[in-house]
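Breakdown of the fold
Here are the chains, one letter per residue:
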Amino acid sequence: MIYRSATDKNQAYTGFAKMLYVLAIAAVLCYTVPLSAEESDLTDLSIEDLMGIKVTSVSKKAQYLSDSAAAIFVITNEDLKRSGVTNIPDALRMVPGLNVARIDSNKWAVNSRGATSRFADKLLVLIDGRSVYTPSFSGVYWEVQNVMLEDVERIEVIRGPGATLWGANAVNGVINIMTKHAKETQGGLVSLGGGSEEQAFTSARYGASLGKKTYGRIYAKGFKGDEFQFSQGSDAGDDWGIRQGGFRVESKLNANDSVKLQGDIYQGDINQQVTVLSPATPNGMETNDDTEVSGGNLVARWQSILSSTSEFSLQAYYDRTERKEAYVHEKRNSFDLDFQHQFSAGNRHDIVWGARYRHTSDDFARNPLVLIDPDTRSDDLYSAFIQDEISLVQNRLQLTLGSKFEHNNYTGHEIQPSIRLLWAPHPNHKLWTSISRAVRTPSRVEHDGVIINEVIPPSSPPAVLPVVIKTVGTPDYDSEELTAYELGYRFVPNHTFSLDIATFYNDYDNARTVELATPVFQGTYIEQALCFSNNFSAHTYGVEVAGTWQAVKWLKLDLAYSYLISDFEDGAQVGKEPTHQASFRSALTPRKDLDLDIWLRYVDNVSSIYVASDNDRFDIDGYLTLDLRLAWRPTAHWELSLVGQNLLESRHLEFVQESFTRPTEVQRGIYGKVTYQF
Amino acid sequence: MKKDTELAKRLNRICCSTVFLLLLLFSTLGNAFAFDQRMGEYAVKAAFVLNFARYTQWPDESFVSPTEPFKLCVLGNKAIEEAFQTLNGKKIESRTLDVRFITKAEDAAPCNILFISEGIDHAILLDALAAVKGKPVLTIGETKTFINSGGVINLFNRKERLYFEINETTAQKQHLKLSSRLLKLAIIVGDK
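Source: prediction; values computed, not measured. (Residues numbered from 1 in each chain as written. Chains lettered and ligands numbered in written order. Predicted model: local features only at pLDDT ≥ 70, side-chain atom pairs only at ≥ 80, totals over all residues. Heavy atoms only, no water.)

1. Here we look at the overall build of chain B
Looking only at helices and strands, one finds 6 helices and 10 strands in chain B. Taking contacts inside chain B between residues at least 6 apart in sequence as the whole, the part at least 24 apart equals 59%. If you sum the accessible surface of chain B, you get close to 9,600 Å²; carbon and sulfur atoms cover 55% of it. (Helix = DSSP H or I, 4+ residues; strand = E, 2+ residues; numbered from the N terminus. Contact = heavy atoms within 4.5 Å. Areas by Shrake-Rupley, 256 points an atom, 1.4 Å probe, with all protein chains shown as cover.)

Here's what the structure looks like:
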């Protein structure tokens, strides 16, 4: 609370020093807890027990990371815990190549290898195999993706196209959030916390065995986030809260088959100040909007292992979301059926193929700000893919060929092939390269939407009437296309050190622009339409570096650096990307019961598209910020932690949403958390 | 210019505080660490091998006396030796397990159990399997081609858990009888 009012530099420094002092005292007060070094003899265990043991994947993980011919980064459960983040998008800041900015207390803009946007539309996000990418605007509502972080197994982030396996819209990257197997979350966990920005949050989970080979868990979480401040200093009115609950049950039917059923349900209230534009209020009318969000999903999966070289899975899910805000009221129901089969053909070929059917139907309420016409629409997507991983020279040279073939209702057939080559001149050194094609299919808004962007007030003649500028969807709007060229190098000498360098050159074609249409006289105002069209091309290129060093058992250092350049044609209608970004994390465990984590981040200056400014742009300064976390586990059951976020400034601006809201700054925050496990 | 000095100040502040905190924490350093709660893959695999031995019946002629030691041969790299060494001296009914580490395919013939690890050259693997073909030797491997090459049991990893597949026909040809308990837990492959 102290820090929120600490706007003055000196005062801010005093606040910071005070916090350090508190941390120091806390550190001194901690005492060592003796370790219970129990080591059971594995040879006394039965086969059933052995089959249940999770085996070390030190080599497996290293192999997993270093054997893929793609730019992949994995956030582990430990990384999530040690970072002190309370949501997924903030965790993604540790990934090189990703561009994460918080727009206000309850909105994020996330993109990969490009300028970000609240409506970033080329990133595919999956939670346990369920796509959370919305076809309405081809983006992700990050604020409603509230998985229970304690139960996340890992988050895999693939930068660059993943369309061959994942399909259209996996253009700039794929984010795969995977929660733990129900067997891994046995017992109870209760956590409770609160602070200046993360005002109050709680989560609880209980997992139990439901019979001999069946495990389940249920969880519930809720939080209340404080409002941020507008750049001018007044409160932004963007406080919010979401409540979510869910379950996961999985059962092993026999040696070969296992089934899983999981589901979530959520409901939330998100406050925001929306600038409502109309011919009558050309300067916009600030409205306190109470957005209501809700949704739920149910996922069923059957997996069958036929042999060490063959397995298949069948997954079906239903997902429902509803969002009611000042400028849009949308309901959406989706059904998705997916089959995948993986097998080895001979010694050299590892083949994976699959087929998917997806049905989605929506219902939009008529709204003067964002009109979707027709209000309801149902779409079907059919797709199939095949990929062959060919071992040209055993453990040395591997070629991966594949393509996705799909049919959608907007653009018809789409083919998205890729070719990848991995060369290991030495087991510790790997080089990879790829060429791939991906498309971003039109969103509902680009096809059927009419959005009021801006109202120019009447001035002296000749313009005596207000001009209403609208962005208008067009039925012949086509897919945006990307051809990506990538080259990467990995050095993994042992499991304590890894260095990953990825470079890319992206060639975008048919990219989105808006074109001026002929103005239309509408009686009391003049309507100027801007029609979506595909008249733009761009090149982006960059380098991403990720290094991890487990220096000693009690100190792990992680460095991520990204360099990104966009080369646009004149008249680009996209924001400017941060040229340099860096993240440095230090996870120190001075004693087994004590964690100290430091996370420094730097993001270069950017500019975002902002319709309310004179040149349609808003320049944002670069920023350097610091998060700290101190945790103490007095017993095996309890953990107390104290986290400071964005400590270096009382507030800073990260991004401005294109329209409807005003520049809102992220504030320094501090929170405490107690976790009890049993 | 102003921004630069501010940045410098900020960096200075971070450095000072980081050093301070590090010093403080180093001074309270404890001495014990136990990080990896998960089990080493080969420690678990070795325990599997012991269980496979317990649930397999060898023909009487395999042993001269009821107390003759049980020979487990491990054909693999140095890295897995430690895990298998722990099996040495373990009891299987009245017999003691005698673990040997071999490097040549020819040495496989007198074994009762032969474990071939994944790092082994494919040609050596084939030679070793040929050397024991039709003999009462339980062959256990961990490569995807192991069963097709004529192995009996193959261990494999899926989502960080171990599974095993068994080719019953090969087991019969090796004159081995696998217990129904083992077969129930295995993924049965090959001709049924």
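2. A few points about the side chain of E486 of chain A
All names here are of chain A. Mapped onto the fold, E486 is located in strand β25 (residues 480-494). E486 gets classed as buried once you look at its relative accessible area, which sits at 3%. Here the side chain of E486 touches R113 through a polar contact of 2.9 Å, side chain to side chain. Sequence-distant contacts of E486, defined by excluding residues within four places in its chain, comprise A71, R113, R159, G160, P161, R420, W432, T433, S434, S436, T503 and F504. (Buried < 20%, exposed > 50% of the residue type's maximum accessible area, 1.4 Å probe, protein only. Polar contact = N/O pair within 3.5 Å; in protein donor to acceptor, adjacent residues only side chain to side chain.)

3. So, unusual backbone geometry
Residues and elements named next belong to chain A. Between D373 and P374 the backbone carries a cis peptide bond, its omega angle lying at 5 degrees. Assignment of secondary structure puts P374 in the loop between β18 (370-372) and β19 (376-393). Residue N395 is not a glycine yet carries a positive backbone phi of 60 degrees. Taking the relative accessible area as the measure of exposure, N395 reaches 64% and is therefore exposed.

4. So, the pairing of strand β31 (residues 594-603) of chain A
Residue and element names in this part refer to chain A. The element β31 is extensively covered by neighbouring structure, given that 8 of its 10 residues are classed as buried. In the sheet, strand β30 (residues 580-591) pairs with β31 via 9 bridges, with the strands oriented antiparallel. Looking at the pairing, L588 lines up with L596 of β31. Counted along the chain from β30 to the antiparallel partner β31, the turn is 2 residues long. (Pairing = 2+ DSSP bridges.)

5. Observations regarding the environment of D104 of chain A
Residue and element names in this part refer to chain A. Within the element layout of this structure, D104 appears in strand β2 (residues 98-104). Sequence separation of D104 and E227 is 123 residues, and the distance between their C-alpha atoms is 8.1 Å. Ignoring sequence-local partners within four residues, the contact set of D104 consists of F228, D238 and T664. Only 2.9 Å separates the side chain of D104 from the backbone nitrogen of N106, close enough to count as a polar contact. One polar contact links the side chain of D104 to the main-chain amide nitrogen of K107, over a distance of 3.0 Å.

6. Examining the sheet that holds strand β11 (residues 229-230) of chain A
Taken in spatial order, the 3 strands make up an open sheet running β11-β37-β36 (chain A), and their pairing is antiparallel. Lying at the two open borders of the sheet, with one neighbouring strand each, are β11 and β36 (651-653) of chain A.

7. What about the nonpolar core?
Among soluble globular proteins, nonpolar side chains are generally buried collectively. Counting 52 residues, the largest nonpolar core has F48, F84, L138 and F164 of chain B as its most contacted members. The biggest single contributor to this core is helix α2 (residues 41-54) of chain B, with 9 residues. Formed by 40 residues, the second largest nonpolar core is a distinct cluster that contains I88, L98, I175 and F223 of chain A. (Core = buried A, V, L, I, M, F, W, Y, C linked by side-chain atoms within 4.5 Å.)

8. Overview of the confidence of the model for chain A
Residue and element names in this part refer to chain A. Per-residue confidence for chain A averages 88 on the pLDDT scale, and 91% of its residues sit at or above 70. Note on residues 1-17: pLDDT under 50 across the span, and 27 contacts to partners over four residues away in sequence or across chains. In the predicted structure, residues 19-39 sits below a pLDDT of 50 and forms 32 contacts with residues beyond four places in sequence or in another chain. (pLDDT = per-residue confidence, 0-100.)

9. Observations concerning the state of the cysteines
Residues and elements named next belong to chain B. Going through the model one piece at a time under the given rule, you end up with 1 disulfide over all chains. The disulfide that involves C73 links it to C111, with 1.9 Å between the sulfurs. Its S-S torsion of about -95 degrees marks the bond between C73 and C111 as left-handed, since a negative value means left-handed. A residue pair is termed long-range when its members are at least 10 positions apart, and C73 in strand β2 (residues 70-75) and C111 in the loop between β4 (95-102) and β5 (113-116) qualify at 38 residues. Both residues of the pair, C73 and C111, belong to the buried class. (Disulfide = S-S within 2.5 Å.)

10. Some words on the pairing of strand β9 (residues 198-209) of chain A
The two faces of a sheet get side chains in turn, since along a regular strand they alternate between them. Residues and elements named next belong to chain A. As paired strands, strand β8 (residues 187-195) and β9 are joined by 7 bridges and run antiparallel to one another. In the strand pairing of β9, L189 is matched with R205. In this structure, the hairpin formed by β8 and β9 is closed by a connection of 2 residues. Pairing of β9 with strand β10 (residues 214-225), which is carried by 11 bridges, proceeds in the antiparallel orientation. Note that in β10 the partner of R205 across the bridge is Y219. Remark: 4 residues form the turn of the hairpin made by β9 and β10, two consecutive strands paired antiparallel; G211 in that turn has positive phi of roughly 105 degrees.

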